[in-house]
Amino acid sequence: MKGFATLAVIAALAAKASAHYVWPQLIVNGANTTSWQYVRWVLTSSMDSLLGSDAFGFHRSQSNNWQDLNPLTDVSSVDVRCYDSEESGTSSTMSVAAGSTIGFTVSGNPANLYHPGVLNVYMAKAPDGTDVADWDGSGNVWFKVYEISAVTDGGSTITFPATGMPQVTFPIPSETPSGQYLIRIEHIALHVASSFGGAQFYIACGQVEVTGGGSGTPGPLVQFPGEYTGNEPGILLDIYYPIPATYTQPGPAVWPAA
Ligand SMILES: *[C@@H]1O[C@H](CO)[C@@H](O)[C@H](O)[C@H]1NC(C)=O
Ligand SMILES: [Cu+2]
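What counts and what doesn't
Residues numbered from 1 in each chain as written. Chains lettered and ligands numbered in written order. Predicted model: local features only at pLDDT ≥ 70, side-chain atom pairs only at ≥ 80, totals over all residues. Heavy atoms only, no water. Helix = DSSP H or I, 4+ residues; strand = E, 2+ residues; numbered from the N terminus. Buried < 20%, exposed > 50% of the residue type's maximum accessible area, 1.4 Å probe, protein only. Near = heavy atom within 4 Å. Polar contact = N/O pair within 3.5 Å; in protein donor to acceptor, adjacent residues only side chain to side chain. Areas by Shrake-Rupley, 256 points an atom, 1.4 Å probe, with all protein chains shown as cover. Nonpolar A, V, L, I, M, F, W, Y, C, P; charged D, E, K, R; others polar. Pairing = 2+ DSSP bridges. Axes fitted to C-alpha atoms, helices over the stretch in contact; angles between N-to-C directions.

Q: Sorry if this is basic, but what is going on with unusual backbone geometry here?
A: Excluding glycine, residues mostly carry a negative phi; peptide bonds, for their part, are mostly trans. In this chain, asparagine 109 is followed by proline 110 through a cis amide linkage whose omega measures 0°. Mapped onto the elements of the fold, proline 110 is located in the loop between strand 6 (107-108) and strand 7 (117-125). The peptide bond linking glycine 219 to proline 220 adopts the cis configuration, its omega dihedral lying at 0°. Inspection of the secondary structure puts proline 220 in the segment after strand 13 (200-211). Phi is positive for asparagine 29, close to 55°, though the residue is something other than glycine. Relative to the elements of secondary structure, asparagine 29 occurs in the loop between strand 2 (26-28) and strand 3 (31-32). Even without a glycine there, the phi angle at tryptophan 36 is positive, about 65°. Tracing the chain through its elements places tryptophan 36 in the loop between strand 3 and helix 2 (45-51). According to the relative accessible area criterion, tryptophan 36 is buried, its value standing at 6%.

So, in structure tokens, the structure goes:
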């Protein structure tokens, strides 16, 4: 009996897993690093709600993470920060030079950002004296360093340039002060975003130590949860009909201003 139930659950989860994606690898100096080495493990909430958090002995193991690629849909949850509340919430920290290009790879089936949506990358500096590995990213600490928005033309078409990307790369601003940071990437999939809570957030946080940094003052600073309510015009919208005439990217302006 128990075996049958377990098999049914595994089958259901396998079917679900085919629909989504995660961000397992930091890309540094043009090379993909080991999965989940510098990126914090992401949540396994559907497994937990179906089975209870201790249902499987391997619950906290790597294989479990790969079977649940589900997005976050509740932007008021603390998991909107790094989506890591049920895992260890930490990883190793990778050294990156200010001004260099880094990135995240996409894993899933298929392994690309195949949902239409927009992308943001935020950073947050660990408080002085705190190892980023021990820090949860709380407080008014996050600034945006990169975004890929939607392209509109007054209502004839809307396109999403992030769609289909197997990896996303972006520069660490050279003005970024040296120190340890969380770097948070999010793809906001908008294919079912016309009702509240329909937008799908694919989130992960890497841990980096910025070296050779500058003397900029990053901002504006925002907090997660808090920055999004779910009612923003760029989060709660129908992308199909009528075709939006304009699109408003969620979150603050990119730092530093171009
Ligand atoms: C890094 O991973 C991405 C995503 O899987 C892949 O598209 C890319 O080819 C990989 N790059 C290298 C250098 O292996
Ligand atoms: Cu999906």
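That was the structure; now back to the text.
Q: Help me understand the site of ligand 1, please; the structure alone is not making it clear to me.
A: Close to ligand 1 lie Asn32, Thr105, Pro166 and Gln167, which account for all nearby residues. Between asparagine 32 and ligand 1, the recorded distance is 2.4 Å, taken from a side-chain N or O atom to an oxygen atom. Relative to its unbound accessible area of 360 Å², ligand 1 is 46% covered by the protein chains. Counted by class, the shell around ligand 1 contains one nonpolar, three polar and no charged residues.

Q: Looking at this structure, how should I read the sheet that holds strand 4 (residues 94-97)?
A: To summarise the sheet geometry, strands pair through backbone hydrogen bonds and adopt either a parallel or an antiparallel arrangement. Read from one edge to the other, the open sheet built from five strands follows the order 4-13-12-7-8, with strand pairing classed as mixed. Two strands in the sheet have a free side with no partner beyond their single neighbour: strand 4 and strand 8 (142-148). Within this sheet the neighbouring strands show an average axis-to-axis angle of 35°, counted without direction. Sheet topology note: the strand 4/strand 13 ladder contains four bridges and is parallel. Within the sheet, the bridge partner assigned to methionine 94 lies in strand 13 and is valine 208.

Q: How do you make sense of the pairing of strand 7 when you look at a structure like this?
A: Regular strands place their side chains on alternate faces of the sheet. Burial of strand 7 is extensive: eight of the nine residues sit out of reach of the surface. Judged from the nine bridges that link them, strand 7 and strand 12 (residues 179-189) form a sheet pairing that is antiparallel. Paired with tyrosine 122 across the bridge in strand 12 is arginine 184. Looking at chain direction, strand 7 and strand 8 are connected through six bridges and run antiparallel. Looking at the pairing, valine 121 lines up with tyrosine 146 of strand 8.

Q: Can you walk me through the sheet that holds strand 11 (residues 167-171) in this structure?
A: Spatially, 3-2-5-11 is the arrangement adopted by the four strands of the open sheet, whose pairing is antiparallel. The open sheet terminates on both sides in strands that have one partner only, identified here as strand 3 and strand 11. Pairing analysis gives three bridges linking strand 2 to strand 5 (residues 101-105), with the strands arranged antiparallel. By the bridge assignment, isoleucine 27 is partnered in strand 5 with glycine 103.

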